[in-house]
Amino acid sequence: MPVEWLKGGLKLQGSALWFDARRQSEVSFVSHAHTDHIARHARAIGTKETLTLMQHRVGEVAEAVALAYGERFSFEALSLELFPAGHVLGAAQVRVTRPDGHRVVYTGDFSPGEFLTARRAEVPACDTLVVESTFGHPKYRFPPRAQVYDEVADWCRRQLERGVRPLLLAYSLGKSQESIQQLVARGLRVTAHDSIHAISSLYSALGVPIDARRFDGAFREGEVGLFPPFARHRPRVEGPVATAVLTGWALEPWGAGRAGADLAFPVSDHADYPSLLEFARATGAREVITLFGFAEELAAGLRKEGLFARAVSERLQLDLFDARVTPTPRARRR
Ligand SMILES: [Zn+2]
């Protein structure tokens with residue numbers, strides 16, 4: 001296997017390069033700035049947007065190597081190239097070409113389709129694909145993003161019309177900024193929690209303007225509230241309120257309840273099961289390694305399609321060759 005799974009995360013075999021190392025490392029590619037993909041590395045390689053958002057969260061790193069999509073970068077005897085991944089602003093997949101010509105792509109989190117606030121994901125051709133499998137189970141099929149946002153906007157409008165304050169709950173980096181712009185495009189006005197507003201200001205500084213007012217403790221006429229999905233961030237609202245969480249886990253019966261919301265909309269910034277299969281096929285990879293979430297289920301689905309696929313995870317590392325080992329899906333918030 002060209003990659004190995006270690007305590008600190010995923011590492012390229014025979015190289016100092018980590019992929020989204022979870023602990024401080026000498027050198028790591030950082031696919032995007034969600035907290036489970038970042039650490040304060042000595043040397044971090046990513047897009048300018050990711051490195052900016054990451055340093056907002058973990059502090060300055062000693063050396064930030066900012067690459068544009070499509071720009072080549074030499075590291076050791078390897079050639080690195082970044083491709084857009086959808087997902088959130090700055091999200092990138094990396095393709096590492098070894099001296100023998102073997103190409104390894106690590107996707108990080110990715111999502112196909114159009115975004116207003118992130119570059120549309122591309123499909124990098126490769127020999128080995130390391131792909132995230134957060135929603136890698138056949139039960140996860142997301143409706144088109146635009147259709148879900150139409151439904152969210154209609155729901156907000158209905159609440160406002162009957163004098164109820166609509167509160168949306170979404171993860172503060174990425175989901176929130178995309179949701180703001182999608183709702184603004186549908187004629188709504190949004191006020192957002194401090195943490196969301198701070199990240200939105202960074203988006204704006206990076207050339208992707210986000211049009212929401214910082215929540216100052218009071219709502220204005222006709223405003224939709226947008227808050228992180230944690231109870232401690234919930235605002236005090238005078239009068240009736242209705243809450244909806246925006247998450248891919250909306251497809252689960254517990255999707256709304258886990259966030260303490262009245263209902264859930266399946267707004268996801270991850271690929272669903274059919275798109276994961278399609279993506280893996282389209283890369284032309286001869287070997288697929290799945291990781292995170294439903295890694296085992298996705299690998300099984302890919303094998304049914306005739307691809308050579310296997311899961312990598314903490315538990316598999318303990319007993320890599322025991323086919324009976326099934327990793328526990330690691331439920332993730334986004
Ligand atoms: Zn992510």
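Residues numbered from 1 in each chain as written. Predicted model: local features only at pLDDT ≥ 70, side-chain atom pairs only at ≥ 80, totals over all residues. Heavy atoms only, no water.

**Quick notes on the overall build of the protein chain**
- Helix and strand counts for the protein chain stand at 8 helices and 19 strands.
- Taking 334 residues into account, the globule formula puts the C-alpha radius of gyration at 20 Å, and the protein chain, at 20 Å, falls close to it.
- In the protein chain, which comprises 334 residues, the share counted as buried stands at 59%.
- Of the roughly 13900 Å² of accessible surface on the protein chain, 50% is carried by carbon and sulfur atoms. (Helix = DSSP H or I, 4+ residues; strand = E, 2+ residues; numbered from the N terminus. Rg over C-alpha atoms; globule rule 2.2 N^0.38 Å. Buried < 20%, exposed > 50% of the residue type's maximum accessible area, 1.4 Å probe, protein only. Areas by Shrake-Rupley, 256 points an atom, 1.4 Å probe, with all protein chains shown as cover.)

**A closer look at the pattern of salt bridges**
- Under the defined criterion, the tally for this structure stands at 15 salt bridges.
- Measuring nitrogen to oxygen at the nearest pair gives 3.2 Å for the salt bridge that ties Asp100 to Arg98.
- Given the relative accessible area of 55%, Asp100 is considered exposed.
- Residue Arg310 pairs with Glu287 through a salt bridge whose shortest N-O separation is 3.2 Å. One end of the pair, Arg310, is in strand β19 (residues 308–312); the other, Glu287, is in strand β18 (residues 287–291), with 23 residues separating them in the sequence.
- Judged by its relative accessible area of 11%, Glu287 falls in the buried class.
- Each member of the salt-bridge network shares a partner with another, and the members are Arg72, Glu81 and Arg95. (Salt bridge = Lys/Arg side-chain N within 4 Å of Asp/Glu carboxyl O.)

**Some words on the sheet that holds strand β7 (residues 72–75)**
- Taken together, the 7 strands give an open sheet; going across it, the order is β7-β8-β9-β10-β11-β18-β19, and neighbouring strands pair in mixed fashion. If you trace the sheet from one side to the other, it starts and ends with β7 and β19, each paired once. On average, adjacent strands in this sheet sit at an angle of 20° to one another, irrespective of strand direction.
- Relative to β19, helix α7 (residues 295–304) is tilted by about 175°, and along the sheet it contacts β11 (128–132), β18 and β19. (Pairing = 2+ DSSP bridges. Axes fitted to C-alpha atoms, helices over the stretch in contact; angles between N-to-C directions. Contact = heavy atoms within 4.5 Å.)

**Notes on helix α4 (residues 194–205)**
- Here α4 spans 16 Å end to end across 12 residues, near enough to the 16 Å set by a 1.5 Å rise per residue.
- Considering only its buried residues, α4 is in contact with α1 (48–58), α3 (175–185), β13 (189–192) and β15 (223–227). (Expected span 1.5 Å × (residues − 1).)

**Quick look at the coordination of the zinc ion**
- Every protein donor of the zinc ion is accounted for by His32 (NE2), His34 (ND1), His87 (NE2) and Asp109 (OD), and the metal-donor separations fall at 2.1 to 2.3 Å.
- Around the zinc ion sit 4 donor atoms, and with donor-metal-donor angles ranging over 92 to 161° the site reads as irregular.
- Motif for the zinc ion, donor spacing along one chain: H-x1-H-x52-H-x21-D. (Donors = N, O, S within 2.8 Å, 3.2 Å for Na, K, Ca; no water. Tetrahedral: all angles 85-135°; square planar, octahedral: opposite > 155°, others 65-115°.)

**Some details on the sheet that holds strand β5 (residues 43–46)**
- Strand order in the open sheet made by the 6 strands is β1-β2-β3-β4-β5-β6, with mixed pairing throughout. Looking at the sheet topology across the chains shown, the edges are occupied by β1 (3–6) and β6 (63–66).
- Sheet topology places β1 next to strand β2 (residues 9–12); 4 bridges connect them, and they run antiparallel. Opposite Trp5, over in β2, you have Leu10 as the bridge partner.

**What about the domain arrangement of the protein chain?**
- As far as domains go, the protein chain holds domain 1 (3–139 + 270–318) and domain 2 (145–265).
- Taking the mean C-alpha position of each, domain 1 and domain 2 sit 29 Å from one another.
- Opposite the 22 residues of domain 1 that make contact, domain 2 presents 20 residues.
- Approximately 1800 Å² of surface area, both sides summed, lies buried where domain 1 meets domain 2, with 68% of it carried by carbon and sulfur atoms.
- Broken down residue by residue, the surface that domain 1 buries against domain 2 is led by Leu89, Leu116 and Thr117, which jointly contribute 30%. (Domains from an automatic or database assignment. Buried area = accessible area lost by both parts, 1.4 Å probe.)

**Describing unusual backbone geometry**
- Its identity is not glycine, yet Asp20 carries a phi of approximately 50°, on the positive side.
- Turning to its location among the elements, Asp20 is positioned in the loop between β3 (18–19) and β4 (27–29).
- Its identity is not glycine, yet Phe292 carries a phi of approximately 75°, on the positive side.
- Positionally, Phe292 belongs in the loop between β18 and α7.
- The class of Phe292 is buried, set by a relative accessible area of 11%.

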